[in-house]
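# Observations on the three-dimensional arrangement
Chain by chain, the residues:
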Amino acid sequence: MPQVKANGITLEYESFGPQDRETILLIMGLGAQLTMWPTELCDELVKRGYRVIRYDNRDVGLSHKFDEHGMPDMTAIFGALMAGQPAQSPYSLDDMAADAVGLLDALSVKQAHIAGASMGGMIAQLVAANHPERTLSLTSIMSTTGNPEVPQGKPEAMAVLMTPAPEGDIPAAIERGILAWNTIGSPGYRTDDETLRQWVTRDVNRSLYPVGTARQMAAIVANGDRREKLKNIKVPAVVLHGVDDPLVPVEGGRDTAKSIPGAELREVPGMGHDFPLALVDTFADAIEAAAKRAAKAQAAE
């Protein structure tokens, strides 16, 4: 896969479909590599007439690693927030949104449909809020607003999230990854054990970098409540969320849709916090719905 310089760092990306089509930019979540976007979803969106770009966020996969920052001090970050003070993280979600726009710059894409999942949904929200001139539409998937009143995930899901992968221990990291996805996955659309093991093994062998995930977590926590920014989003938005998401409860999606003017909320019974192949059309339908609303709005101007 190719790499480009974007926002002063190197990002690994992959492009699907002809370059002369409208672009959908897919932004993945905490500690997850671009490979977590199913190739089947990318191919489906290409079949529907779009170009699709997926990429590794900073500090994950084959993109730039911020080794110089080391392990973030989460105690200090939480302490600052509880004291009502600004929290200091190695970088911010706004920086990560600027990475996304930098990638579009590097690929000469003037505007794109922005879709993100989990942390990627937070980043996508900030692309739409901070860079409206680059955003055609927004699809926020299994994400939330940072509103402290929204319920937290189930204890077992949060425990998996906060337990880092073993540093350098490939077999242990694979088993930990399988446990994590089985814990937060979709109860109504289970991925079979063989496929799940193949996916986790692929990603662990591609890159194992748990300290990067910790720095991304610091950026999430330090970002705080985004609702005021979300009120300023003008582009068509679709919010997709699993009713049975144990990590980011569906209330997070409801709060996101409530906070973005005119947003459409789509709730999926049986869906958790993963990308089962059985729901590829559901994900594609949500992204396409936002894109089509944008096209209709442009035609009306």
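Since we're looking at a predicted model, the values are computed, not measured.

## With respect to the overall build of the protein chain
Helix and strand content of the protein chain: eleven helices and eight strands. Over its C-alpha trace the protein chain gives a radius of gyration of 18 Å, about what one expects of a compact globule, namely 19 Å for 301 residues. Put simply, the protein chain has 301 residues, and 57% of those count as buried. Counting only contacts in the protein chain whose residues sit at least 6 apart along the sequence, the fraction spanning at least 24 positions is 78%. Carbon and sulfur atoms provide 53% of the accessible area of the protein chain, an area that totals close to 12,600 Å².

## Focus: the confidence of the model for the protein chain
Residues with a pLDDT of 70 or more make up 100% of the protein chain, whose mean pLDDT is 95. The least confident element of the protein chain, judged by mean pLDDT, is helix α2 (residues 74–82) at 79; the most confident is strand β3 (residues 23–27) at 99.

## A closer look at the side chain of Lys-65
Relative to the elements of secondary structure, Lys-65 occurs in the loop between β4 (51–55) and α2. For the buried residue Lys-65, which engages in no salt bridge, the nearest side chain bearing the opposite charge is Asp-59, 6.6 Å off. Within the local environment of Lys-65, its side chain forms a polar contact with the backbone oxygen of Gly-61, the two atoms lying 2.5 Å apart. Non-local contacts of Lys-65, meaning those with residues more than four positions away in its chain, are made with Asp-59, Val-60, Ser-207 and Tyr-209.

Parameters and conventions
Residues numbered from 1 in each chain as written. Predicted model: local features only at pLDDT ≥ 70, side-chain atom pairs only at ≥ 80, totals over all residues. Heavy atoms only, no water. Helix = DSSP H or I, 4+ residues; strand = E, 2+ residues; numbered from the N terminus. Rg over C-alpha atoms; globule rule 2.2 N^0.38 Å. Buried < 20%, exposed > 50% of the residue type's maximum accessible area, 1.4 Å probe, protein only. Contact = heavy atoms within 4.5 Å. Areas by Shrake-Rupley, 256 points an atom, 1.4 Å probe, with all protein chains shown as cover. pLDDT = per-residue confidence, 0-100. Lys, Arg positive; Asp, Glu negative; His and termini not counted. Salt bridge = Lys/Arg side-chain N within 4 Å of Asp/Glu carboxyl O. Polar contact = N/O pair within 3.5 Å; in protein donor to acceptor, adjacent residues only side chain to side chain.

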